[in-house]
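Analysis of the macromolecular model
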Amino acid sequence: MIRENYFVDNVTALQDVHSLLTFDERITFILFELILSEHKVYAWSDHKSFIICQPNDIMPIWAWFADDIDENAVECVADIIAARILQDSNIQLNACSQKSREILELACEKSGVDIEKIMDLNAYACKNLIEPEYIGEAGVPTKADRNAMTELITEFVEDAEHQIIPLEEAEGFAESMINCEQLSLWKVDGEVCAMAMIAQNINRVARINSVVTFRQKRDKGYAKMLVADICRRLLDDGVTPMLYADAQNKSSNSVYQNIGFVKTGEVTQYKFRRKPI
């Protein structure tokens with residue numbers, strides 16, 4: 001089938017990411033770097049107008065399309081995505097909404113599903129940090145911070161994903177983060193106020209996520225201080241910090257812009273559902 005003609009190994013796909021995408025696009029699609037660092041992935045590319053990859057049968061698809069993608073490539077990409085939907089209609093897909101609508105509608109037609117937007121994300125990079133006034137300090141979590149991390153990850157999942165994380169899962173996260181230098185806590189007078197972590201650091205770009213402040217401590221700038229502190233350390237090491245922000249959350253977008261984050265692109269998260277019989 002046509003989709004098999006464009007199936008590539010992860011090394012080839014990563015080479016295409018580096019040769020076809022601009023620097024800002026590579027930041028916007030930073031998950032390509034993470035997914036393609038694995039040995040066994042699904043990846044397709046025509047080496048000029050599209051790159052599609054998926055870590056496995058159930059994880060989200062990431063798809064990049066060139067501005068000048070032609071009709072033949074659109075048809076091919078729709079076939080590839082339709083095949084993945086037929087494999088599992090519960091999969092999610094991330095792509096630039098301005099380029100993807102026609103392709104995804106065709107893929108849905110081919111696979112007999114409907115498409116639904118989950119959310120729009122703004123991708124940001126901080127190349128020149130604007131440091132805020134700091135109150136408190138960042139630190140690596142210790143055993144004494146276990147309960148605070150459990151509560152923070154619970155609030156983060158509720159706010160960002162609108163889901164309830166099981167207590168044992170939240171506690172497991174907290175336990176795994178003890179003494180982890182990738183996660184930072186912001187403390188004021190020894191009390192935990194906010195949390196953020198570096199989820200990915202590949203090829204001199206680091207993705208920051210899980211940014212959350214205790215609800216009762218919000219609107220005091222603690223998350224901004226923490227993210228700025230992380231950015232300062234990354235930039236000092238020659239690494240560009242990046243993160244995603246919900247496009248509908250004007251407050252968080254403003255916070256990141258105020259400390260020097262500049263928008264590099266947009267990504268829309270989609271999900272699919274079977275059409276009613």
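Conventions used here
Residues numbered from 1 in each chain as written. Predicted model: local features only at pLDDT ≥ 70, side-chain atom pairs only at ≥ 80, totals over all residues. Heavy atoms only, no water. Helix = DSSP H or I, 4+ residues; strand = E, 2+ residues; numbered from the N terminus. Rg over C-alpha atoms; globule rule 2.2 N^0.38 Å. Buried < 20%, exposed > 50% of the residue type's maximum accessible area, 1.4 Å probe, protein only. Areas by Shrake-Rupley, 256 points an atom, 1.4 Å probe, with all protein chains shown as cover. Lys, Arg positive; Asp, Glu negative; His and termini not counted. Charge placed at Lys NZ, Arg CZ, Asp CG, Glu CD. Salt bridge = Lys/Arg side-chain N within 4 Å of Asp/Glu carboxyl O. Expected span 1.5 Å × (residues − 1). Polar contact = N/O pair within 3.5 Å; in protein donor to acceptor, adjacent residues only side chain to side chain. Phe/Tyr/Trp six-rings, centres within 6.5 Å; stacked < 30°, edge-to-face > 60°. Lys NZ or Arg CZ within 6 Å of the ring centre and 35° of its normal. Core = buried A, V, L, I, M, F, W, Y, C linked by side-chain atoms within 4.5 Å. Contact = heavy atoms within 4.5 Å.

**A few points about the overall build of the chain**
- Secondary structure summary: the chain contains 9 helices and 11 strands in total.
- Since a compact globule built from 277 residues should have a radius of gyration of about 19 Å, the 20 Å found for the chain is in line with a globular shape.
- Reported as C-alpha extents along the three principal axes, the dimensions of the chain are approximately 60 × 45 × 35 Å.
- Counting over 277 residues, the chain shows a buried share of 51%.
- Total accessible area computed for the chain in this model is approximately 13,900 Å², and 46% of it derives from carbon and sulfur atoms.
- For the chain, the distance from the average position of its 28 positive side-chain charges to the average position of its 44 negative side-chain charges is 2 Å.

**Points about the pattern of salt bridges**
- Across all of its chains, the model carries 20 salt bridges by this definition.
- Linking D79 and K110 is a salt bridge whose minimum nitrogen-to-oxygen distance equals 3.0 Å. Here D79 is found in helix α4 (residues 71–87), whereas its partner K110 is found in helix α5 (residues 97–111), with 31 residues between them in sequence.
- Here the salt bridges share partners, and the residues they tie into one network are E155, E158, D159, R215 and R218.

**Describing the environment of T213**
- Among the secondary structure elements, T213 is positioned in strand β9 (residues 205–213).
- A C-alpha to C-alpha distance of 17 Å links T213 and E133, two positions 80 residues apart in sequence.

**With respect to α4**
- Taking 1.5 Å as the rise per residue, α4 with 17 residues should run 24 Å; its terminal C-alpha atoms sit 24 Å apart, in good agreement.
- The buried count for α4 comes to 12 of 17 residues, which makes it a mostly enclosed element.
- Those residues of α4 that fall on the buried side of the exposure criterion are A73, V74, C76, V77, A78, D79, I80, I81, A82, A83, R84 and I85.
- Measuring from the backbone nitrogen of N72 back to the side-chain oxygen at the start of α4 gives 3.2 Å, which picks out D70 as the cap.

**Considerations on the packing of aromatic side chains**
- A full pass over the atoms with the stated rule returns 8 aromatic pairs.
- Centroid distance F29 to F32: 5.6 Å. Interplanar angle 20 degrees. Geometry classified as stacked.
- Taking relative accessible area as the criterion, F29 reaches 4% and is therefore assigned buried.
- Every member of this aromatic cluster is reached through a ring pair, and the members are F29, F32, W62 and Y244.
- The lysine or arginine in question, R84, covers the ring of Y42, its NZ or CZ lying 4.1 Å from the ring centre.

**Focus on the nonpolar core**
- If you look at the biggest cluster of nonpolar residues, it comprises 27 residues, and the most contacted ones within it are F50, I52, F65 and I81.
- For this core, the secondary-structure elements that each account for two or more residues are β2 (50–54), β3 (61–65), α4, β4 (92–95), α5, β5 (113–126) and β11 (261–274).
- Among the elements that make up this core, the one with the highest residue count is α4 (8 residues).
- When sequence neighbours within four positions are dropped, the list of residues in contact with I81 reads I52, F65, L93, I103, L104 and A107.
- Among the nonpolar cores identified, the runner-up in size contains 26 residues, and W186, A194, A196 and V227 belong to it.

**Some words on unusual backbone geometry**
- Of note, H47 is a non-glycine position whose phi angle comes to about 70 degrees, a positive value.
- Mapped onto the secondary structure, H47 falls in the loop between β1 (42–45) and β2.
- At R204, a position not held by glycine, the phi torsion is positive, near 70 degrees.
- Relative to the helices and strands, R204 resides in the loop between β8 (191–202) and β9.
- When its relative accessible area of 48% is taken as the criterion, R204 is described as partly exposed.

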